[in-house]
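# Commentary on secondary and tertiary structure
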Protein chains: 2
Amino acid sequence: MNLRERKKRRTRDALLRAALELFATRGYDETTVDDIAAAVDVSQRTFFRYFAGKEETAFFVPRLAEALVVDAVRARPPGEAPLEALRRAVLESWDAINEAIVELVPIELHMRVYRVIESTPALLAAHLRRSAELEEQLARIIAEREGLDVDADPRPRIVVALFGGVIRVTERLWSTGDDLTLDAMRQLTATYLDQVGPALAGNWHTEPSP
Amino acid sequence: MNLRERKKRRTRDALLRAALELFATRGYDETTVDDIAAAVDVSQRTFFRYFAGKEETAFFVPRLAEALVVDAVRARPPGEAPLEALRRAVLESWDAINEAIVELVPIELHMRVYRVIESTPALLAAHLRRSAELEEQLARIIAEREGLDVDADPRPRIVVALFGGVIRVTERLWSTGDDLTLDAMRQLTATYLDQVGPALAGNWHTEPSP
DNA sequence: GAGGCTAATGACAGCCACTGACAATTGACA
DNA sequence: TGTCAATTGTCAGTGGCTGTCATTAGCCTC
């Protein structure tokens, strides 16, 4: 890697970390792009040459995680049922995600930023839209696995929608809870996915939730 | 109603219709608040006294629809299974929704705006966030119906997430399709909801989708 | 029905996210 | 080392949105 390239990477990382640090401490809306640029001592214009917008800094890390999940789903053996493939892919990709994050920012900072995303309306909206795009991608992968046409058969999009819905519920719960560790997240996700069957059954009262 | 009140209502409706008309013809991003204000011949400042932001005009009608759905869910008999209650509430509230819309803007305009919402990133994000809030509300209603604690039992949030996911898939399909009638929407929703069971079954290939 | 009160509006200034254009700087490479 | 291209800073401008203050317009009382 060039000196030039290295310099660019350093500037980008510095901007990223400065932005996330500011978001986590001061709040997203209370942080201006000028603040971020000033913290790294570059011009505001330079910030916008590295990131398409303020929002992009907040989703830089989540973007990596999404890519890893997509890879994990693609790597699942074709024999598995769709929902099972999604479940295993997500649960098993967290270690890789963790490693990827640590390369870039302190994991603890990322956790704090995650809470900011969930509690800042503008960021939550962006997060949900990104999730919708991810789901579309996953639906196509599932359809291909099963040899189906996404636009003709409703089932791929439906499983993915169900799955995504559960994931989002657990994300929100996790981010508002006390235990911000990876294991807590994994545990919560597994528990909630196990509840999909029971939740669809009509008879909630004959058997209480396990 | 006062002359003053009537004048206010007229100004608000004019702003709303002008905004939606501009969004539908020119596009959301291509429409400035100044354009909207100019079309009604009021100052930009006045626009912001009626609407918290440009976005709010786009979601004024959907907001009414959401309120009606919530009412419909609340009105469901307690005996029904949760998913069934949600399904019936949505399918049966569309007529009321239709009436409420017609009072405010031509239904055909609303359809066109709906397409704009689904195809404009900023609006889609906002739409998804609103949906998430709606789902939280519905989860609380379902939990209450069943005499459960939303924060202790995962099932209310899960059914609603599943349900919401399916609804969103159908919304997207409907908005990108050719048939923008209410009946098409109702039909699509019913069909997709019927697929929830089959989609969760592991054996997609032993029985093709009905 | 004139005059005072209050709510609605317009005009203006300013903040922040973001973009285009151009000049200055800095690393790359012959 | 000098040339070329990439990186950066500066400046000007747009659009969404807000606070402030003076002006206008409906309302209500005497």
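Given the structure is predicted, the values throughout are model-derived calculations rather than measurements.

Next up on the list: helix α6 (residues 82-104) of chain A. Between its first and last C-alpha, α6 of chain A extends 32 Å over 23 residues, near the 33 Å set by a 1.5 Å rise per residue. Of the surrounding secondary structure, the elements contacted by the buried residues of α6 of chain A are α1 (3-26), α5 (60-74), α7 (107-119), α8 (121-145), α9 (155-176) and α10 (182-194) of chain A.

For these two chains of identical sequence, chain A goes onto chain B by a turn of 180 degrees and a shift of 0.0 Å along the axis, with RMSD 0.0 Å. Here the symmetry operator amounts to a two-fold rotation axis. A shared interface surface links the copies, since 100% of the contact residues of chain A are contact residues in chain B too.

The subject of this paragraph is the interface of chain A and chain B. Taken together, the contact pairs 41 residues of chain A with 41 residues of chain B. Buried area between chain A and chain B, summed over both chains or domains, comes out near 3500 Å², and the portion from carbon and sulfur atoms is 75%. One salt bridge connects arginine 172 of chain A with glutamate 136 of chain B, and the closest N-O pair in it is separated by 3.6 Å. Along the contact surface separating chain A from chain B lie one residue pair in polar contact (both at pLDDT 80 or more). For the side of chain A that touches chain B, the elements supplying multiple residues, two or more each, are α6, α8, α9 and α11 (196-200) of chain A.

What follows is about the protein's contact with DNA strand D. In the vicinity of DNA strand D there are 22 residues, among which Lys8, Thr46 and Arg49 of chain A together with Lys7 and Arg45 of chain B approach most closely. When the atoms of DNA strand D within 4 Å of the protein are grouped by moiety, sugar and phosphate amount to 54% of the total. Within the side chain of lysine 8 of chain A, a nitrogen or oxygen atom sits 2.6 Å from a phosphate oxygen of DNA strand D. Valine 33 of chain B is positioned with one of its backbone polar atoms (N or O) 3.1 Å from a phosphate oxygen of DNA strand D. Secondary structure elements with two or more residues in the surface near DNA strand D: α1 and α3 (44-50) of chain A together with α1 (3-26) and α3 (44-50) of chain B. When grouped by side-chain class, the residues that make up the surface near DNA strand D number six nonpolar, seven polar and nine charged.

Residues and elements named next belong to chain A. By domain assignment, chain A separates into domain 1 (3-54) and domain 2 (59-199). Taken residue by residue, the interface counts twelve residues in domain 1 and nine residues in domain 2. Together, the buried faces of domain 1 and domain 2 total about 1000 Å²; carbon and sulfur atoms form 75% of this surface. At the surface where domain 1 touches domain 2, the tally comes to one salt bridge.

Now for the protein's contact with DNA strand C. In the neighbourhood of DNA strand C, 22 residues make up the surrounding shell, with Lys7 and Lys54 of chain A together with Lys8, Thr46 and Arg49 of chain B lying closest. For DNA strand C, the backbone portion of the atoms within 4 Å of the protein, that is sugar and phosphate, comes to 58%. At a separation of 2.5 Å, a phosphate oxygen of DNA strand C approaches a polar side-chain atom of lysine 8 of chain B. The class makeup of the residues in the surface near DNA strand C is six nonpolar, seven polar and nine charged.

Moving on, we get to the packing of helix α7 (residues 107-119) of chain B against helix α8 (residues 121-145) of chain B. All names here are of chain B. Where α7 contacts α8, the two axes come as close as 5 Å, and the packing angle between them is 95 degrees. By the angle between their axes, α7 is roughly perpendicular relative to α8. Between α7 and α8, the contacting residues are Tyr114, Val116, Ile117, Glu118 and Ser119 on the first element and Pro121, Leu123, Leu124 and His127 on the second. Residues that form the contact of α7 with α8 fall into these classes: six nonpolar, two polar and one charged.

Rules of the game
Residues numbered from 1 in each chain as written. Chains lettered and ligands numbered in written order. Predicted model: local features only at pLDDT ≥ 70, side-chain atom pairs only at ≥ 80, totals over all residues. Heavy atoms only, no water. Helix = DSSP H or I, 4+ residues; strand = E, 2+ residues; numbered from the N terminus. Expected span 1.5 Å × (residues − 1). Contact = heavy atoms within 4.5 Å. Least-squares fit on C-alpha atoms with pLDDT ≥ 70 in both. Buried area = accessible area lost by both parts, 1.4 Å probe. Salt bridge = Lys/Arg side-chain N within 4 Å of Asp/Glu carboxyl O. Polar contact = N/O pair within 3.5 Å; in protein donor to acceptor, adjacent residues only side chain to side chain. Near = heavy atom within 4 Å. Nonpolar A, V, L, I, M, F, W, Y, C, P; charged D, E, K, R; others polar. Domains from an automatic or database assignment. Axes fitted to C-alpha atoms, helices over the stretch in contact; angles between N-to-C directions. Parallel < 35°, antiparallel > 145°, perpendicular 65-115°, else oblique.

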